[in-house]
Amino acid sequence: LDAGTVTAVRARELGRRDAFERADGKPLESVYGEQLGNTISDLAGGLANDRQRAAFARAAGDIAVNFRGGVQEHERREYIGYQASVSEGVISTAQRDIALNWGNPDAVQAAIQRTQGEVYRQAKLMGKSAEWQEATSRKMTSNAHKLAAMSALENGDVDFADADLR
């Protein structure tokens, strides 16, 4: 079943978003599962007797089940990786907004809230504990205030930096 192995490898080569959000709308398992099924059918058609066909059918069934499980696991890992990269992007953008809008408390607070929301979303996605969520949220909030204070100092506003760090 070399063709089946090639099909499995091709399915797993699709990374991140392409693995779970396909242009044709078909699930990855469907597309490559169909190709594997066709290969199995072609090979079974060339067998000479019922005993060979029965043995091949058992082995092919195991291969198909393992293939589906492997593709589903690949899709899951790629989905989590993609969503984690989205969270990192949202957090980075919020930090940039804080640095650029340090003098606007509403903008800083909105960016902090976006960051905290992403931390909680990321924790849920990755199966992190409530303690991790809280600690990471506090750390990100602290970093946000430091960033605002540093930006204020870079712009010569010592009073704002002092007030923000209190």
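Since this is a predicted model, take the numbers as computed values, not measurements.

A. Region of the structure containing the overall build of the chain. Within the chain, the secondary structure is distributed over 7 helices and 0 strands. N-terminal to C-terminal, the α/β element order of the chain is α-α-α-α-α-α-α. A burial count over the chain gives 29% of its 166 residues as buried. Across the chain, contacts joining residues at least 24 apart in sequence account for 61% of those joining residues at least 6 apart.

B. Representation of the pattern of salt bridges within the structure. Counted under the stated rule, the structure contains 8 salt bridges. Linking Arg68 and Glu29 is a salt bridge whose minimum nitrogen-to-oxygen distance equals 4.0 Å. One end of the pair, Arg68, is in helix 4 (residues 50-100); the other, Glu29, is in helix 3 (residues 28-45), with 39 residues separating them in the sequence. In this structure, Arg114 and Asp97 form a salt bridge, with 2.5 Å as the shortest nitrogen-oxygen distance. Remark: Asp97 occurs in helix 4 and Arg114 occurs in helix 5 (residues 105-126); sequence separation between them is 17 residues. Classification of Arg114 by relative accessible area gives partly exposed; the value is 34%. Salt bridges sharing partners connect three or more residues here, namely Glu73, Arg76 and Arg77.

C. Spatial organisation of the packing of aromatic side chains. Within the structure shown, the criterion is met by 1 aromatic pair. Centroid distance Trp102 to Phe160: 5.3 Å. Interplanar angle 70 degrees. Geometry classified as edge-to-face. Of the two residues, Trp102 is situated in the loop between helix 4 and helix 5 and Phe160 in helix 7 (residues 158-165); the sequence distance between them amounts to 58 residues. On the accessibility criterion, Phe160 (21% relative accessible area) is partly exposed.

D. Here's a closer look at the packing of helix 4 against helix 5. For the pair helix 4 and helix 5, interaxial distance at closest approach is 9 Å and the crossing angle is 165 degrees. Between helix 4 and helix 5, the angle falls in the class roughly antiparallel. Taken as a pair, helix 4 and helix 5 cross one another with a handedness that is left-handed. Its residues assigned to classes, the contact of helix 4 with helix 5 shows 14 nonpolar, 5 polar and 5 charged.

Calculation criteria
- Residues numbered from 1 in each chain as written.
- Predicted model: local features only at pLDDT ≥ 70, side-chain atom pairs only at ≥ 80, totals over all residues.
- Heavy atoms only, no water.
- Helix = DSSP H or I, 4+ residues; strand = E, 2+ residues; numbered from the N terminus.
- Buried < 20%, exposed > 50% of the residue type's maximum accessible area, 1.4 Å probe, protein only.
- Contact = heavy atoms within 4.5 Å.
- Salt bridge = Lys/Arg side-chain N within 4 Å of Asp/Glu carboxyl O.
- Phe/Tyr/Trp six-rings, centres within 6.5 Å; stacked < 30°, edge-to-face > 60°.
- Axes fitted to C-alpha atoms, helices over the stretch in contact; angles between N-to-C directions.
- Parallel < 35°, antiparallel > 145°, perpendicular 65-115°, else oblique.
- Left-handed = near helix turned anticlockwise from the far one by under 90°.
- Nonpolar A, V, L, I, M, F, W, Y, C, P; charged D, E, K, R; others polar.

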